[in-house]
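Architecture at a glance
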Amino acid sequence: MEEKLQQETVQEAVSVRQPQKSALATAGMVLGIVGIATSFIPIVNNASFVLGILALIFGGIALVKKKLMGKAMTALVLGILSVVITLAMQAAMVSAVEDALGDIEDDLDMIAGEKTEDVLRDFLDVSFGSFQVISDEYWEDTKLEVTLKNKSEESKSFSVTVEAVNAEGNRISEDYIYVDTLGAGQSKTVDIFTLVTSDDAAKLKDATFRVVEASAY
């Protein structure tokens, strides 16, 4: 009987010395490793977020049960890093997409003439000459010289709508200018209001000319 008790005592001691095993701790650590390895990859890191959460859960359970403390802590750390890195990468990607869409929207607005003030401030200088009426015995020619200068550092094409108004601010007439591919710092002079009626020609002599719409592309 005494010999049997000694054998049971020895077996219990050996059992205590054997390392404790926990499938949860190991699984949590593996999931954390996979999660952090894929957390830098766009789209794929949606799964990394889930893997990180699972690593946190498995590691937390193993830690509570005090099974393989080292692996459990590793699973927790890797899980946290997977979640944090995934969220940071996705936030950065969303920000980059929003910036790109914003640039595209600005370019489209600039092409559509909805950013006239920006075009005149950053890209285009418009200067007007005097309205001229040149008459002969049979015909009357009219023109207004307008000079467009590209003040940006890259080649651009421009379209400009010019309006003529009287002293009361009422529109007399309008004309359109298109200049294709002006290099940086280049300028071009064009004639507009070349086809107007005699009545309008008389009014245009005292008119004020202004840009009402400008596009750059």
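Residues numbered from 1 in each chain as written. Predicted model: local features only at pLDDT ≥ 70, side-chain atom pairs only at ≥ 80, totals over all residues. Heavy atoms only, no water.

On to the sheet that holds strand E5 (residues 187–192). Across the sheet, three strands lie side by side as E1-E2-E5; this open sheet has antiparallel pairing. Here the strands that pair on one side only, and so sit at the sheet edges, are strand E1 (124–135) and E5. The mean angle between the axes of side-by-side strands here comes to 20°, regardless of whether they run parallel or antiparallel. Across 10 bridges, the pairing between E1 and strand E2 (residues 140–150) is antiparallel. Considered in E2, the bridge of Val-126 is made with Leu-148. (Pairing = 2+ DSSP bridges. Helix = DSSP H or I, 4+ residues; strand = E, 2+ residues; numbered from the N terminus. Axes fitted to C-alpha atoms, helices over the stretch in contact; angles between N-to-C directions.)

What follows deals with the sheet that holds strand E4 (residues 171–182). Across the sheet, three strands lie side by side as E4-E3-E6; this open sheet has antiparallel pairing. A single partner strand is all that each edge strand has here, and the edge strands are E4 and strand E6 (208–216). Here the strands of the sheet are splayed against their neighbours by 20° on average, with no regard to which way each runs. Where strand E3 (residues 156–165) and E4 come together, nine bridges link them in antiparallel fashion. Bridge assignment links Thr-161 to a residue of E4, and that residue is Tyr-176.

Looking now at the pattern of salt bridges. Taken as a whole and judged by the stated rule, the model has eight salt bridges. A salt bridge links Asp-118 to Arg-121, with the shortest nitrogen-to-oxygen separation between them at 3.0 Å. Of this pair, Asp-118 and Arg-121 both sit in helix H5 (residues 116–122), three residues apart, which is roughly one turn of the helix. Here Arg-121 ties to Asp-122 by a salt bridge, and the two come within 3.0 Å at their closest N and O atoms. A single salt-bridge network, built from bridges that share partners, covers Lys-115, Asp-118, Arg-121 and Asp-122. (Salt bridge = Lys/Arg side-chain N within 4 Å of Asp/Glu carboxyl O.)

This part covers the environment of Gln-186. Positionally, Gln-186 belongs in the loop between E4 and E5. Sequence-distant contacts of Gln-186, that is, excluding residues within four places in its chain, are made with Leu-148, Lys-149, Asn-150 and Thr-181. Of note is the side chain of Gln-186, whose polar atom sits 2.7 Å from the backbone nitrogen of Gly-183. (Contact = heavy atoms within 4.5 Å. Polar contact = N/O pair within 3.5 Å; in protein donor to acceptor, adjacent residues only side chain to side chain.)

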